[in-house]
Amino acid sequence: MGEDCSVTITELLPLRDLQACCAPITREVIGEENAVSVARAMKALADPARLRLISMVAAHEDGEACVCDLTEPLGLSQPTVSHHLKILVDAGFLSRSKRGTWAYYRIVPGSLDAVSSFLTSV
């Protein structure tokens, strides 16, 4: 949990703009600023718990999940799950809405497509 993910990818290059401005990594040399942005996005995804959380949120009914629904299946404490969710929100992969005492999460449309298209060589 000591990772520094406080700077979001959107501060350098919004995920929604990644696909529009950046060719796949095998087609042209990536610029330094874009490399930093993509690396931050990948760092946010490069954790088994975070990958599972994205999958769980996407697969949840209506594509939205409460943190209360994610803790037990993930097998981690609520504060740890909330920490991982915050990193994914800060990186632009999840959006968060608060209802009463609970937070609900949903995938930001296109956020995963942008990263995957950047890595695609075709």
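Before going into details, it helps to say that this report is about the structure given with it. All values derive from a computational prediction rather than experimental measurement.

Focus: the overall build of the chain
Looking only at helices and strands, the chain has six helices and three strands in total. Evaluated residue by residue, the chain yields a buried proportion of 39% over its 122 residues. Once local pairs closer than 6 in sequence are excluded, the contacts in the chain between residues at least 24 apart make up 60%. For the chain, the computed accessible surface area is about 6,900 Å², with 55% contributed by carbon and sulfur atoms.

Considerations on the state of the cysteines
Here the structure, examined in full by the defined rule, presents one disulfide. The disulfide partner of cysteine 66 is cysteine 68, and the S-S distance across this bridge is 2.5 Å. What sets the handedness of the cysteine 66 and cysteine 68 disulfide is the S-S torsion sign, and at about 130 degrees it is right-handed.

Thoughts on the packing of aromatic side chains
Here the structure, examined in full by the defined rule, presents zero aromatic pairs. Its guanidinium or amino end placed over the ring of tyrosine 104, arginine 99 lies 4.2 Å from that ring's centre, counting from NZ or CZ.

Some words on the pairing of strand β3 (residues 102-107)
With three bridges connecting them, strand β1 (residues 64-66) and β3 associate as antiparallel partners. By the bridge assignment for β3, cysteine 66 is matched with tyrosine 104. Examined bridge by bridge, strand β2 (residues 94-99) and β3 share six bridges and lie antiparallel to one another. In the strand pairing of β3, arginine 96 is matched with tyrosine 105. In textbook terms, the turn of a hairpin is the stretch between consecutive antiparallel strands, and for β2 and β3 this stretch comprises two residues, one of which, glycine 100, has a positive phi near 65 degrees.

Things to note about helix α5 (residues 78-90)
Taking 1.5 Å per residue as the helical rise, α5 with its 13 residues ought to reach 18 Å, and the 18 Å between its terminal C-alpha atoms agrees with that figure. If you check which residues of α5 are buried, you get Thr80, Val81, His83, His84, Leu85, Ile87 and Leu88. Along its buried surface, α5 packs onto α2 (32-45), α3 (48-59), α4 (67-74), β2 and β3. Positive phi shows up at glycine 92, right after α5, with a value of about 95 degrees.

What about the environment of glycine 75?
Structurally, glycine 75 is set in the loop between α4 and α5. On the basis of relative accessible area, glycine 75 is assigned to the exposed category, the value being 61%.

What to know about the pattern of salt bridges
In the structure shown here, the tally under the stated rule is three salt bridges. For glutamate 64, the salt bridge goes to arginine 106, with nearest N and O atoms at 3.7 Å. You can see glutamate 64 sitting in strand β1 and its partner arginine 106 sitting in strand β3, a full 42 residues away along the chain. Here glutamate 64 falls in the buried class, since its relative accessible area comes to 17%.

Quick look at the nonpolar core
With 23 residues, the main nonpolar core has Leu53, Leu70, Val81, Leu85, Leu88, Phe93 and Tyr105 as its most contacted residues. Of all the secondary structure elements, the ones that give two or more residues to this core are α2, α3, β1, α4, α5 and β3. Residue contributions to this core peak at five residues, all from α3. Aside from chain neighbours lying at most four places away, what touches valine 81 is Leu53, Val67, Leu70, Thr71, Leu74 and Leu76.

Analysis parameters
- Residues numbered from 1 in each chain as written.
- Predicted model: local features only at pLDDT ≥ 70, side-chain atom pairs only at ≥ 80, totals over all residues.
- Heavy atoms only, no water.
- Helix = DSSP H or I, 4+ residues; strand = E, 2+ residues; numbered from the N terminus.
- Buried < 20%, exposed > 50% of the residue type's maximum accessible area, 1.4 Å probe, protein only.
- Contact = heavy atoms within 4.5 Å.
- Areas by Shrake-Rupley, 256 points an atom, 1.4 Å probe, with all protein chains shown as cover.
- Disulfide = S-S within 2.5 Å.
- Phe/Tyr/Trp six-rings, centres within 6.5 Å; stacked < 30°, edge-to-face > 60°.
- Lys NZ or Arg CZ within 6 Å of the ring centre and 35° of its normal.
- Pairing = 2+ DSSP bridges.
- Expected span 1.5 Å × (residues − 1).
- Salt bridge = Lys/Arg side-chain N within 4 Å of Asp/Glu carboxyl O.
- Core = buried A, V, L, I, M, F, W, Y, C linked by side-chain atoms within 4.5 Å.

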